[in-house]
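# Chains, contacts and geometry: an overview
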Amino acid sequence: MQDLLDYALKNGIILQEKGNCQFCGAEVTGGVIECHNQVHHLADMVDFNNPAYYVTRFLSVDAMALQHGELHGPWNNHIHLTRLHLILKKKVTWTYAKTPLLSNIINQYKKNKTEVLTPPPLTQRGNLTTSDLIKITSPAECVAFVRQWAQEVYTSFNQHQALVATIADEFLVTYY
Ligand SMILES: [Zn+2]
């Protein structure tokens, strides 16, 4: 959370502290900060140390990051969207060890490039948000919710899917 506040400050992004989340549209009263606090509900529902829930963790991190894509370094969006492509479209069983490998591919890819993967318009990044997430009451519901949430976010980034598909293919060719 502090990272996010620091990043916004450094980049001149004004964070609204009241009303709905200005980025994902979550229906809250305390703005983007309350939106981010709501994500902790996931860890109350499932044990993220259990490998059975690793994919739920990865998908939730990607969905959340992409719905708030202005609040981190621009190349992070490439990483999160490519990982969604690999998990959702290519059916790759993701593990913690694979994330640094994907970072390697992105680092190669971004050499001499300045492109920005612009997120969809504010609040049009999937219908599901953290205000739906906090209504979850069971681990099974959590797993299903997060997959649907990630799928909606992935779909909302459709104008960048062809681009990340090429990066994903590079990952698969290199490591599989
Ligand atoms: Zn939000």
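These figures come from a predicted structure and were not determined experimentally.

Parameters at a glance
- Per-chain numbering applies: the sequence of each chain, read as written, is numbered from 1 onward.
- Only residues with pLDDT of 70 or above have their local features reported here, since the model is predicted, and side-chain atom pairs are shown and tallied only from 80 upward, although totals for entire chains, interfaces and linings are computed over all residues.
- Strands here mean DSSP runs of E at least two residues long; helices mean DSSP runs of H or I at least four residues long; both are numbered from the N terminus.
- Atoms counted for the radius of gyration: C-alpha only. Globule rule: 2.2 Å times the number of residues to the power 0.38.
- Each residue is classified by how many other C-beta atoms fall within 10 Å of its C-beta atom, where C-beta atoms are placed from the backbone; a count of 20 or more means buried, 12 or fewer means exposed, and values in between mean partly exposed.
- Residues are treated as contacting if the C-beta atoms built from their backbones sit within 7 Å of each other.
- We define the nonpolar core as any set of buried residues of the types Ala, Val, Leu, Ile, Met, Phe, Trp, Tyr and Cys, connected via C-beta atoms lying within 7 Å of each other.
- The angle between two axes is taken between their N-to-C directions and runs from 0 to 180 degrees, where each axis is a line fitted to C-alpha atoms and a helix contributes only its stretch in contact.
- Roughly parallel means an angle under 35 degrees; roughly antiparallel, over 145; roughly perpendicular, 65 to 115; everything else is oblique.
- By definition, any crossing whose near helix is turned counterclockwise from its far helix by less than a right angle is left-handed, and any crossing with a clockwise turn is right-handed.
- In this classification, the charged set is Asp, Glu, Lys and Arg, the nonpolar set is Ala, Val, Leu, Ile, Met, Phe, Trp, Tyr, Cys and Pro, and all remaining amino acids, among them Gly, are polar.

## Remarks on the overall build of the protein chain
Counting its secondary structure elements, the protein chain contains 9 helices and 0 strands. Each helix (α) and strand (β) of the protein chain, taken in turn from the N terminus, gives the series α-α-α-α-α-α-α-α-α. Computed over its C-alpha atoms, the radius of gyration of the protein chain comes to 16 Å, within 12% of the 16 Å expected for a compact globule of 176 residues. Overall, the C-alpha framework of the protein chain stretches about 45 × 40 × 25 Å when taken along its three principal axes. Burial analysis of the protein chain (176 residues in total) assigns 34% to the buried set. Taking the intrachain contacts of the protein chain between residues at least 6 apart in sequence as the baseline, contacts between residues at least 24 apart amount to 68%.

## Things to note about the nonpolar core
One finds Ala63, Trp149, Ala150 and Val153 to be the most contacted residues of the largest nonpolar core, which totals 31 residues. Contributing elements (two or more residues each) for this core: α3 (41-45), α4 (54-67), α5 (75-89), α6 (98-110), α8 (139-156) and α9 (161-175). No other element matches the 7 residues that α8 contributes to this core. When sequence neighbours within four positions are dropped, the list of residues in contact with alanine 63 reads Trp149, Ala150 and Val153. Counting residues in hydrophobic clusters, the runner-up holds 7 residues, among them Cys21, Ala26, Val28 and Val32.

## Some remarks on the packing of α5 against α6
Two measures define how a pair of helices packs: the angle their axes make with one another and the distance between the axes. It is the contact of α5 with α6, at a shortest axis distance of 10 Å, that shows an interaxial angle of 130 degrees. Relative to α6, the element α5 lies oblique. Here α5 runs over α6; the crossing is right-handed. In this structure, α5 contributes Trp75, His78, Ile79, Thr82 and Arg83 to the contact, and α6 contributes Leu102, Ser103, Ile106 and Lys110. Each residue belonging to the contact of α5 with α6 can be placed in one class, and the counts come to 4 nonpolar, 3 polar and 2 charged.

## Comments concerning unusual backbone geometry
The phi torsion at lysine 91 lies on the positive side, around 60 degrees, for a residue other than glycine. Mapped onto the elements of the fold, lysine 91 is located in the loop between α5 and α6.

## Overview of the packing of α5 against α9
Between α5 and α9, the least distance of the axes is 9 Å, while the angle of their chain directions is 75 degrees. Relative to α9, the element α5 is oriented roughly perpendicular. In this structure, α5 uses His78, Leu81, Thr82, His85 and Leu86 to contact α9, whose residues at the interface are Gln161, Val164, Ala165, Ile167, Ala168 and Phe171. Counted by class, the contact of α5 with α9 contains 7 nonpolar, 4 polar and no charged residues.

Take it as geometry only, folks, not as evidence of what the structure does.
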